[in-house]
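Report on the structure
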Amino acid sequence: MTGTSNGKSSAVTDVHIVWITAGLGCDGDSVSITAAEQPSIEDVLLGAIPGLPKVHLHNPVLAYENGDEFMKFYYQAEKGELDPFVLVVEGSIPNEKIKKEGYWAAVGTNPDTGQPITTCEWIDRLSPKALAVVAIGTCATYGGIHAMEGNPTGCMGLADYLGWNWRSKAGLPIVNVPGCPVQPDNFMETVLYLLYQVAGMAPMIPLDKQLRPTWLFGKTVHEGCDRGSYYEQGEFAEEYGSSKCLVKLGCWGPVVDCNVTKRGWMRGIGGCPNVGGICIGCTMPGFPDKFMPFMDEPPGAKLSTKTIAVYGHMIRSLRSITNATVNKEPKWRHPRTELTTGYRPNTY
Ligand code: SF4
Ligand code: SF4
């Protein structure tokens, strides 16, 4: 049993994370999480967080093992020898049913047939054995860029493939952590939550209808954006490089569920609209088709910005008067020989 700082023991001593990067993807999410700090991968793997089970990560981008030596983890998971394990899927899931010859995506070779084992087959083999299944990044969660209109693979997200009501053997729904790529700490926090849940120290992970952790995706980009006050005052950037609200340049922040404006990218630094880049809605199930062309003003923004421009001008003028007032010290602060603060002593 793994001990904890308060003397409690974890329900599980060892947990494996079996990670498939062989979806239609770019491994950007695997790379992204190496920037996480709350917690970092190292914190989790080296057991820096008391009470958690020992974690063994099997991710082909980050693994020491390679080739068959790495593939053995997938076979062990399939045989129940890595129990319990969390299955992480990265990249869109292609539709192999429409592929007459060959395959869209695969990893490893079937020794019986000498043929590649498709990503879909690995998902079919491993998902029933997993304690929890996590889709990382927008491709694995909702299809993403690879599932764009006109793509030849007919690819989709994991919940489209397994079913939105799918449950793991432990009764957990698929956990979606979207983002293109995923925000580093968003993913590691979700893993941390699941580890606490596995350890019997947290209730069922709270997810919204799109299977996203609610504490991460419960607010819009706009609700966390540093430039929200410019929007409210009707001050809109006309060109890149401006510090004002970017909505007229194509920012979709008001209707996108994402915490990057609030959280920053790494160590609170970076982000998207908060630091000058339009939000293209990369966390959303409708991404990218419903947001293109990215650099046009979102159609819904036209009405709201026109309305706010009128109100914003008036509010800005009133605020500038008050601002001038509060920029002056009160008149009783002076070096003269009289006290003018209004002080009225009862006794001396
Ligand atoms: S830049 Fe985008 S997210 Fe920020 S205030 Fe403007 S519309 Fe909202
Ligand atoms: S702010 Fe917009 S573009 Fe940036 S990560 Fe979030 S959803 Fe993607």
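Residues numbered from 1 in each chain as written. Chains lettered and ligands numbered in written order. Predicted model: local features only at pLDDT ≥ 70, side-chain atom pairs only at ≥ 80, totals over all residues. Heavy atoms only, no water.

**Description of empty space enclosed by the protein**
- Counted according to the given criterion, the structure contains three cavities of 30 Å³ or more.
- Within this model, the largest cavity holds a volume of roughly 90 Å³.
- Lining the largest cavity are 13 residues, and of these H222, C225, C245, C251 and P273 sit closest to its centre.
- In terms of residue class, the lining of the largest cavity is built from nine nonpolar, three polar and one charged.
- Of the voids in this model, the second largest cavity is the one considered here, and its volume is about 70 Å³.
- If you trace the second largest cavity, you find it lined by I17, W19, I33, I41, V44, L45, V55, L57, F187, M188 and V191.
- Among the elements of the structure, β1 (14–20), α2 (41–45), β2 (54–58) and α7 (184–198) are those that each provide at least two residues to the lining of the second largest cavity.
- Residues of the lining of the second largest cavity, tallied by class, amount to 11 nonpolar, no polar and no charged. (1 Å grid on protein atoms, 1.4 Å probe; cavity = no way out; pocket = protein on both sides within 12 Å on 5 of 7 lines; lining within 4 Å. Points joined across faces, edges and corners; volume = space filled by probe spheres on them. Nonpolar A, V, L, I, M, F, W, Y, C, P; charged D, E, K, R; others polar. Helix = DSSP H or I, 4+ residues; strand = E, 2+ residues; numbered from the N terminus.)

**Things to note about the nonpolar core**
- Counting residues in each nonpolar core, the largest one holds 32 residues, and the members touching the most others are I33, V88, V134 and F187.
- Residue assignment for this core shows that the elements contributing at least two residues are β1, α2, β3 (85–90), β6 (132–136), β7 (175–177), α7 and α8 (214–217).
- It is α7 that contributes the most residues to this core, eight residues altogether.
- Filtering out sequence-adjacent residues up to four positions away, F187 remains in contact with W19, I33, V88, V134, I136, V177 and V182.
- By size, the runner-up hydrophobic cluster in this structure holds 29 residues, among which are A22, F70, I123 and L162. (Core = buried A, V, L, I, M, F, W, Y, C linked by side-chain atoms within 4.5 Å. Buried < 20%, exposed > 50% of the residue type's maximum accessible area, 1.4 Å probe, protein only. Contact = heavy atoms within 4.5 Å.)

**Observations concerning the layout of surface pockets**
- In this model, the largest pocket occupies a volume close to 190 Å³.
- Lining the largest pocket are 21 residues; nearest its centre among them are C258, V260, C272, C282 and T283.

**Some points on the site of ligand 2**
- The environment of ligand 2 is formed by V221, V256, C258, V260, C272, P273, C279, I280, G281, C282 and T283.
- Judged by its atoms lying within 2 Å of the grid points, ligand 2 is housed in the largest pocket.
- In terms of residue class, the shell around ligand 2 is built from nine nonpolar, two polar and no charged. (Near = heavy atom within 4 Å. Sits in = over half its atoms within 2 Å of the grid points.)

**Topic: the pairing of β6**
- Of all five residues in β6, five are buried; the element is thus mostly enclosed.
- Burial of β6 is two-sided: the residues A132, V134 and I136 facing one way and the residues V133 and A135 facing the other way are all buried.
- Two strands pair when backbone bridges link them, and β3 and β6 are joined in this way by five bridges, in the parallel orientation. Paired with V89 across the strands is A135, a residue of β6.
- Note that β6 and β7 share three bridges and pair parallel. Across the sheet, A135 pairs through a bridge with N176, a residue of β7. (Pairing = 2+ DSSP bridges.)

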